[in-house]
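Examining the three-dimensional arrangement
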Amino acid sequence: MANIAKTYLNDKDIRSLTQKERKYFRVVGNPKELCIFINPKGTKVFSLRIRHNEKSYFYKIKEFREGIYSVAEARKDAIKLLKELEGGNDIQALKNANEKYKFKNLFALFMQQKRKKGLSDSYTKKVIQMHEKYLLPSLAEFDVKNIKYSDLLVILNAIYNPNNPRTSRLETIHRLINHLQGVFKIAIKDRYLDFDPSFGLKDEFPSPARFKVLHSIDTRYPALTQKEDLQDFIKDLKNDNKMELQTKRAIYLQILSVNRPFNTASAKWTDIDFENRIWTIPANEMKTRTAHEIPLSETMIQILKEQFLFSGNISKFVFPAFNTLGHIHRDSIGKAIRNLGAKNKYKEKASSHGFRATFRTICSQNKGELLKLGISEEVIESVLAHKELNQIKFSYERQKATIEQKRELLQWYENYLNNLENLGIIQ
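Residues numbered from 1 in each chain as written. Predicted model: local features only at pLDDT ≥ 70, side-chain atom pairs only at ≥ 80, totals over all residues. Heavy atoms only, no water.

**Overview of the nonpolar core**
For clarity, the cut-off: We define the nonpolar core as a collection of buried residues of types Ala, Val, Leu, Ile, Met, Phe, Trp, Tyr and Cys that are connected through side-chain atoms lying within 4.5 Å of one another. Only protein chains enter the accessibility calculation, which uses a 1.4 Å probe; a residue whose area is less than 20% of its type maximum is buried, one above 50% is exposed, and one in between is partly exposed. Each helix corresponds to a stretch of at least 4 residues labelled H or I by DSSP, and each strand to a stretch of at least 2 residues labelled E; elements are numbered beginning at the N terminus. Here a residue-residue contact requires only that any non-hydrogen atoms of the pair lie within 4.5 Å.
One finds Phe233, Ile251, Phe359, Leu409 and Leu417 to be the most contacted residues of the largest nonpolar core, which totals 54 residues. For this core, the secondary-structure elements that each account for two or more residues are helix 10 (227-239), helix 11 (245-257), strand 6 (278-281), helix 13 (298-311), helix 14 (330-338), helix 15 (354-365), helix 17 (377-384) and helix 19 (403-420). Among the elements that make up this core, the one with the highest residue count is helix 19 (7 residues). Non-local contacts of Leu409, meaning those with residues more than four positions away in its chain, are made with Phe359, Cys363, Leu370, Ile375, Val379, Ile380 and Val383. The next biggest cluster of nonpolar side chains, apart from the first, holds 34 residues, and it includes Leu136, Leu156, Ile186 and Phe205.

**Structural notes on the pattern of salt bridges**
Should their charged atoms come close, side chains of opposite charge can pair. Quick reminder of the rule: Salt bridges, as used here, are contacts in which a Lys or Arg side-chain nitrogen is within 4 Å of a carboxyl oxygen on Asp or Glu.
Counted according to the given criterion, the structure contains 16 salt bridges. Notably, a salt bridge pairs Asp190 with Lys100, separated by 3.7 Å at the nearest N-O pair. Linking Asp190 in the loop between helix 8 (170-189) and helix 9 (208-214) with Lys100 in helix 3 (residues 91-100), this pair joins segments that are 90 residues apart in sequence. In this structure Asp190 comes out as partly exposed when scored by relative accessible area, which is 39%. Its relative accessible area of 48% is what places Lys100 among the partly exposed residues. Across the pair Glu141 and Lys102 runs a salt bridge, and its minimum N-O distance is 2.6 Å. Placement of the pair is Glu141 in the loop between helix 6 (136-139) and helix 7 (149-159) and Lys102 in the loop between helix 3 and helix 4 (103-116), with a sequence separation of 39 residues. By relative accessible area, Glu141 is classed as partly exposed at 38%. Taken together, the salt bridges that share partners define one network made up of Glu99, Lys102, Lys104 and Glu141.

**Some thoughts on the pairing of strand 2 (residues 34-38)**
Counted only if it meets this: By this definition, two strands are paired if DSSP reports at least two bridges between them.
Buried residues dominate strand 2, accounting for 5 of its 5 residues. Burial of strand 2 is two-sided: the residues Leu34, Ile36 and Ile38 facing one way and the residues Cys35 and Phe37 facing the other way are all buried. Summarising the sheet, strand 1 (residues 24-27) and strand 2 pair through 4 bridges and their orientation is antiparallel. Bridge pairing in strand 2 places Arg26 opposite Ile36.

**Digging into a positive patch on the surface**
Note the threshold: Patch membership needs two things, relative accessible area over 30% and no salt bridge, and members are linked within 9 Å if like-charged or within 5 Å if nonpolar (Val, Leu, Ile, Met, Phe, Trp, Tyr). Using a 1.4 Å probe, accessible areas were evaluated by the Shrake-Rupley method; residue-level cover was limited to the displayed protein chains. In this tally, Asp and Glu contribute negative charge and Lys and Arg positive charge; neither His nor the terminal groups of the chain are included. Charge coordinates come from a single atom per side chain, which is NZ of Lys, CZ of Arg, CG of Asp or CD of Glu.
Where like charges cluster on the molecular surface, the positive patch consists of Lys114, Lys117, Lys185 and Lys189. Within the secondary structure layout, Lys117 lies in the loop between helix 4 and helix 5 (121-134). Note on Lys117: relative accessible area 71%, which makes it exposed.

Next up, the structure:
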């Protein structure tokens, strides 16, 4: 009976405690060591008051949140902690363990391991920003033992936006669940957790693919495939005097090289071989994780030479961002495309990545002519730098097409566009 206090507060009592100018605490009771601090901002945090060497120490447990973390749950955790102390653990050991297994610290360890596996800096930054926006504000200071399935469900439900099919955020939710599983797995392998509190969360939400089918959403990038639209676009691009010349050159290069936008935006001068007319993108910068060689046509060479006069002596990047030491953002190419023409006429019709679809569609529509030139499907796929899905074939096949075959295909494509509307060279 020693641990039963005369004071016994319930959830209603806790709700009635109002904030003051200075932080104060009240005894909650049962066990008698359980207290709650009321902060000036209104937050209420359960703590365990421990007497040691005639001094009082407060061990933070968790914040009171109606419907999420109640007095009853605080009492269970307080009793568990007291048993650990009676079992020989001291308060400092508990504090250290609490720090190690805080969600923010396990997440940092999770990201550290991801980097060791070769996760790119750009993707690492995205993952961290995603967690800073959605998870860390609520979970950062929590010991993972105190994170419950219902806590996670509340957070994810707040992210989900089913009323707007195009911004449902389902892909974000499923990525976050994958990351949560990675974080909790560390604590499970340490035997600190007996189970994964995120287990089953994916069942609460439709898959992105299923959601898109139900709402008839075409997720493909907007792409120009009609001759008239392509002709108008090239003409508008040539005649746009407001667009920065560097951005315009990047768009021209994006169209002619049929690169992924990031590879165009992050191009480096050291990867451009003017003498042999080849642009080599290293494996670690490619989505396929294999090096990609792009034969440079005469037009691409002239575009790059124009750009070299602009940035070659001041940056290692072909298209530098002058407010930083890096390169232009890949979205800057897409933004310029969306803003091109009167009343943003290409906003829903064209995109930087969509020009890869433009190239693929035109090749498919002219397959007979390309076959006469000796250009096969393998050459087209090689220019697009698509990864071979057949793993056995991928393991043994080192090259789908020669550089000369790719050069002939890209020159054919350039001629096709020139026949629509001369691309010209920016002067």
